[in-house]
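For reference, the chains in residue letters:
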Amino acid sequence: MGKGAQNYGKKESAGAGSSNSYASWAKEAHECEEKYKVDRKTGLSDAEVEKRLKIYGLNELEKHEGQSVFRLILDQFNDTLVRILLVAAVISFVLAWYDGEEGGEMEITAFVEPLVIFLILIVNAIVGVWQESNAEKALEALKEIQSEQATVIRNGKKFSGLPAKELVPGDIVELRVGDKVPADMRVLNLISSTLRVEQGSLTGESEAVSKTTKPVPLETDIQGKKCMVFAGTTVVNGNCICLVTDTGMNTELGKVHSQIHEASQSEEDTPLKKKLNEFGETLTMMIGLICVLVWLINVKYFLAWEYADGWPTNFKFSFEKCTYYFEIAVALAVAAIPEGLPAVITTCLALGTRKMAQKNALVRKLPSVETLGCTTVICSDKTGTLTTNQMAVAKLVAMGHTANAVRLFNVEGSTYNPLDGKIQGWPAGKMDVNLQTIAKISALANDASIEQSEKGFVAGGMPTEAALKVLVEKMGLPSGLDADFATGDLMGMLQWLSSATFHLVMTYTYVLIGSCIILLNKGCSRTWGKIQRRIATLEFDRDRKSMGVIVSSNSGKKSLLVKGAVENLLERSSRIQLLDGSVVDLDQKSKSVILDSLNEMSTGALRVLGFAYKEDPSEFIGYNGEEDHPAHYLLLDPTNYSKIESNLTFAGLAGLRDPPRKEVRQAIEDCRAAGIQVMVITGDNKNTAEAICREIGVFGPDEYISSKSITGRQFMEHHDPKSHLAQKGGLLFSRAEPRHKQEIVRLLKDAGEVVAMTGDGVNDAPALKLADIGIAMGIAGTEVAKEASDMVLADDNFSTIVAAVGEGRSIYNNMKAFIRYMISSNIGEVASIFLTAAIGIPEGLIPVQLLWVNLVTDGPPATALGFNPPDKYIMKKAPRRSDDSLINAWILFRYMVIGLYVGLATVGIFVIWFTHDSFLGIDLSGDGHSLVTFSQLRNWDQCKSWENFTVSPFQAGDQVFNFDSDPCEYFRTGKVKAMTLSLSVLVAIEMFNSLNALSEDESLLTMPPWVNPWLLVAMSISFGLHFLILYVPFLAQVFGIVPLSVNEWMLVLAVALPVILIDEILKFVGRLTMSGQRVSKAPKHKAE
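Note that the structure is a prediction, hence the values are computed from the model and not measured.

Procedures and definitions
Starting from 1, residues in each chain are numbered consecutively following that chain's sequence as written. The predicted origin of the model limits local features to residues at a pLDDT of at least 70 and limits the giving and counting of side-chain atom pairs to 80 or more, whereas totals for whole chains, interfaces and linings rest on all residues. For the side-chain quantities, the full set of heavy atoms in the structure was used; hydrogens and water were omitted. Going along the chain from the N terminus, every DSSP run of H or I of four or more residues is numbered as a helix, and every run of E of two or more is numbered as a strand. The buried label applies to any residue whose accessible area, calculated with a 1.4 Å probe on protein chains only, is under 20% of its type's maximum; exposed applies above 50%, and partly exposed to all values in between. Contacts: residue pairs with any heavy atoms within 4.5 Å of one another. What sets the accessible areas is the Shrake-Rupley method with a 1.4 Å probe; for residues, cover comes only from the shown protein chains. The criterion for strand pairing is that DSSP finds at least two bridges linking the strands in question. By convention, a stacked pair of Phe, Tyr or Trp rings (six-membered ring in the case of Trp) has centres within 6.5 Å and planes under 30 degrees apart, an edge-to-face pair has planes over 60 apart, and any other such pair is tilted. The criterion for a disulfide is a pair of cysteine sulfur atoms lying within 2.5 Å. Throughout, an axis means a line fitted to C-alpha atoms (over the contacting stretch in the case of helices), and angles, computed between N-to-C directions, take values from 0 to 180 degrees. Just so you know how the angles are binned, under 35 degrees is roughly parallel, over 145 roughly antiparallel, 65 to 115 roughly perpendicular, and the rest oblique. Handedness of a crossing follows from how the near helix is turned relative to the far one, being left-handed for an anticlockwise turn of less than a right angle and right-handed for a clockwise one. Each residue receives one of three labels: charged for Asp, Glu, Lys and Arg, nonpolar for Ala, Val, Leu, Ile, Met, Phe, Trp, Tyr, Cys and Pro, and polar for the others, Gly being one of them. Side-chain atoms within 4.5 Å link the members of a nonpolar core, which is a set of buried Ala, Val, Leu, Ile, Met, Phe, Trp, Tyr and Cys residues.

(A) Structural context of the overall build of the chain. In terms of regular secondary structure, the chain is built from 40 helices and 34 strands. Expressed as a percentage of the 1088 residues in the chain, the buried residues total 56%. Considering only contacts in the chain between residues 6 or more positions apart, those separated by 24 or more positions represent 73%. Summed over its atoms, the accessible surface of the chain is roughly 46,400 Å², and 57% of this surface lies on carbon and sulfur atoms.

Structure below.
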């Protein structure tokens, strides 16, 4: 754990004395006042505030100290491949400095190599530091949630606008509608009849929560603490007096802050990074062994001794030869490491992020693209991800022809768009009186609004009331209603509509003269509002569980319209309205019929609201809102509301829910086909979550789920939580708190699963940070969740995750193709250098040439392999294991064979130029170079002892190489043409080898090169770059090469092309082996 988290632990334990350990929610309000030594009327004194500030500190979240820049830079070199390169660069620089003292043209070439390696390391370090320095932004976003000001009672006076950071436990705070709660607080008393707080971002609940002053049991979870309000949440209704119980890091918000920091300390490498690290360690051992082997083979050239009396004496050491073999060791390191691999991986991942962005998945961290491909478990939040986070009416129950009959209407749609779905079996334009009554109550006993924005239709006010407004628009207006109301609003409404929406309206089946569907949003509700004007409101309270309005018609007739809990309305109703508008007594039988409908909808996890009314309430005759009217004084006292809302006439009921997204069910099926397990983790209640999970296919309609659906607390108390998570199929965790989500993710990761976690709230941020892939919601998500995530869904849609997983799998397959291609190329380079050293011929490839091949020439084809077309069955296969090897034994054998051929080809063409004047019928004598024997070439360092050894001058391009002064220079500067041939063969073979990498097993006959035209373009670019360094004199001098003739190019192609034939034969053998394995396994599968 980092330093900040350690400090947090110390401070918490030091300051928890009276605050954090006291269960305020389980105590009566007066007990809390006694505990905190405060009176709600006077508050704390200034002296007491100062004293408590010293104990508890400021009410703000801690700023954790991140790693220093120097520490971050050092961490970038904590990588095996990087360390090898660093050692190679240092040795290369020292040798270049030593060679530079002698002067000469090779001085430039010698310094290019270490400088290029250092440049690679610097760029790598800069990118790494930049990525890690952005890791703690989630903590900064969390601070923005905190309230900045508060209304506080101190010294018997009320202070508005006091800085919230100065609050201490024991402070008395007043909260009003719209206030952001500044600290965790105990509700002491309600000033309004009700208090509702939107705390979904902290607890995961889909609706605003009603608060009370009554204590709750000690073991109650955070969602059940109805007498507490929490820092960072918002008051949406009512006002109250509260007692501050916890501040700063001791609040629930502070705990989330600490959990995010802790999760950020345990971030792990991606599966691919782990594989590359393992490869780097293996590579280090291979390089070390090969270097030792090369030195043992060539030790006789720089260290000699004589034997006297059986003991070695008279040692002779050649520093020049020793440095030469140091250079060979450097060349081996450079050849073995694919220096261009990080750049190609970054490029491929960046291209992948563009593809994902087109599918509404915005990737914040590049490595997460690859990690998505091996996701085995998706832990999804329910509200807003699997559901729309928009309440919608699903069922409407109206009264029938008799008191014992009801009518059920299924309502389609899952958003606040009135055109999203229709009411099945609806009598459009022919609404009976009972349906009109329900529409009128839904429209007028309602404070919500629906507006169209860039993000679609959004609700203002309570989600349940907004859903009723949408229902009213879908119901339309009765044909008998004056059409003037509709036509009068038509032009204004058409201006409000976008052209696209208007087109939908004009083609919608409900377009009728006088119907409000053509007016869309606000049309019907506005029309009902013009027919009957609201003059008074009876606010909702927790005792009567209803809300009522007094309305007055144009004729002056008054009506009381009420909506609320069905059971409570039935208790206060004496009559029932039938289909034709007639009213009959509400007897026990008709009440049972209504309650049966209520139970049926409640079982389906619907929130049910009832509708009732009273015509001409006697208390409000002649009342039009005047303050001096007796009815006004009656309304000032909420205790009178139950009496006013008595003797009601019951009209119907509606079932509402946060509906699942339409495309989620198919996405769940796609996950199942792809071998991905889906777990739902939500803060919502168990029944609602289970109903949604059955509907979207996480559970079957008749599946027994008692062992698969548990609460977060039950999971934490489970005797064997690992075995619970190991169950097959879907799992559900309801009433989950942040720590529950973290524990689930941690245990899944410990079990070897690759976990993708979705979420939108503050409560989701720690788990998002801890998961392999944290996925935040772009529309409904908080900034905290977005900053803690690896990926953001622009459309908040679960199906987008599934599409992103498919894209991630495709990207990984392509990355695997170019990683194998680059590694196989490096194996060839190592083989070339090893054979050169083992045979004892002059060096055929120098480090700067190998750097050029690895960084520049190999780069374009490797990047182009990232554009390989995806496998159409990619989401029908099980996810790869995170510990799956990049290169299995057969693939390694194949590339060892290819590598051996590369080594033979590059060394062979070097030897051919020195020893043959023609090869395969290709004349090589045109430049006039002298031939030597293979034995002379192997013993070139003994040239000075050869008698009568002479060499003729030869021409390469515009240069003439003359060796009259020192014939032995023929094996040093004179090898330039042979080196150029070796380098050209290496480039050509690697270009043709990129064609082999199009498919791991498929032949080029079935997967021809033009399936990926970008690869052909890349090959052309690489050959073009090679021509550039060959035929531009300055570059040719830097790389120590010369131009080639046509005949020499023919020889290069003749030596390089067989690599395609060799790999085709190996692929064929591999296909035969795999088909044989499948045949042998077939009887077993059949038996299973």
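(B) Main features of the side chain of D790. In this fold, D790 is placed in the loop between α30 (783-788) and β30 (791-793). With near-sequence residues (within four places) excluded, D790 lies in contact with L362, V363, R364, K365, S368, L768, A771, D772, I773 and G774.

(C) The environment of I710, seen in detail. Along the polypeptide, I710 turns up in strand β26 (residues 709-711). Under the relative-accessibility criterion, I710 is labelled buried at 9%. Once residues lying within four places of it in the same chain are set aside, the contact partners of I710 are K686, F715, H724, L732, F733 and S734.

(D) Region of the structure containing the pairing of strand β4 (residues 184-190). Counting buried positions over the seven residues of β4 gives six, a clear majority of the element. Pairing of β4 with strand β9 (residues 240-246) involves six bridges; the strand directions are antiparallel. Within β9, the position partnered with R186 by the bridge is L243.

(E) Structural detail: the packing of aromatic side chains. This structure, assessed with the given rule, holds 23 aromatic pairs. Look at F914 and Y970: their rings are 5.4 Å apart centre to centre, the planes differ by 75°, and that puts the pair in the edge-to-face class. Of the two residues, F914 is situated in helix α34 (residues 889-915) and Y970 in the loop between β34 (959-961) and α36 (976-996); the sequence distance between them amounts to 56 residues. Here the two residues F914 and Y970 agree in accessibility, since each one is buried. Seen in terms of ring centroids, W946 and F949 are 5.2 Å apart; in terms of plane orientation they differ by 80°. Their pairing is edge-to-face. The exposure class of W946 is partly exposed, given its relative accessible area of 22%. Take F949: its relative accessible area is 15%, and that puts it in the buried class.

(F) Spatial organisation of the state of the cysteines. The tally for this structure, following the rule as stated, stands at one disulfide. Between the sulfur atoms of C943 and its disulfide mate C968 the distance is 2.0 Å. Disulfide C943 to C968: torsion about the S-S bond roughly -95°, handedness left-handed. Here the residue C943 occupies a position in the loop between α35 (934-938) and β33 (954-956), and C968 occupies one in the loop between β34 and α36, the gap between them amounting to 25 residues.

(G) Main features of the environment of E205. Mapped onto the elements, E205 comes out in the loop between α8 (200-203) and β6 (209-210). In the structure, E205 is positioned 531 residues away from A736 in sequence and 9.9 Å away in space, judged by C-alpha atoms. Not counting the four nearest positions on each side in its chain, E205 is found in contact with Q199, G200, Q223, G683 and R735.

(H) The arrangement of helix α32 (residues 847-857) in detail. In terms of residue burial, α32 counts as a mostly covered element, since nine of its 11 residues are buried. Buried within α32 are the following residues: P847, V848, Q849, L850, L851, W852, V853, N854 and T857.

(I) Looking closely at the packing of α34 against helix α39 (residues 1046-1056). Two elements in contact, α34 and α39, have axes whose closest approach is 10 Å; the angle formed by their N-to-C orientations is 150°. The angle between α34 and α39 falls in the class roughly antiparallel. Here the hand of the crossing between α34 and α39 comes out right-handed. Contact residues: Y901, A905, I909, I912 and W913 in α34; E1048, L1051, V1052 and V1055 in α39. Of the residues belonging to the contact of α34 with α39, the class tally is eight nonpolar, no polar and one charged.

(J) Focus on the nonpolar core. Membership of the largest hydrophobic core comes to 145 residues, with the highest contact counts inside it found for F798, F818 and F914. Take this core: its biggest share by element is 17 residues, from helix α31 (residues 798-839). Counting residues in each nonpolar core, the second largest holds 41 residues, with M391, A445, A448 and F611 among its members.

(K) Representation of the packing of helix α15 (residues 433-444) against helix α19 (residues 523-531) in the model. Two elements in contact, α15 and α19, have axes separated by 9 Å at closest approach and are oriented at 95°. Comparing the axis directions of α15 and α19 gives the class roughly perpendicular. Residues Q436, A439, K440, A443 and L444 of α15 lie in contact with α19, whose contacting residues are S525, W528 and G529. Split into classes, the residues belonging to the contact of α15 with α19 amount to four nonpolar, three polar and one charged.

In short, the description is geometric, and any link to function would need to be established separately.
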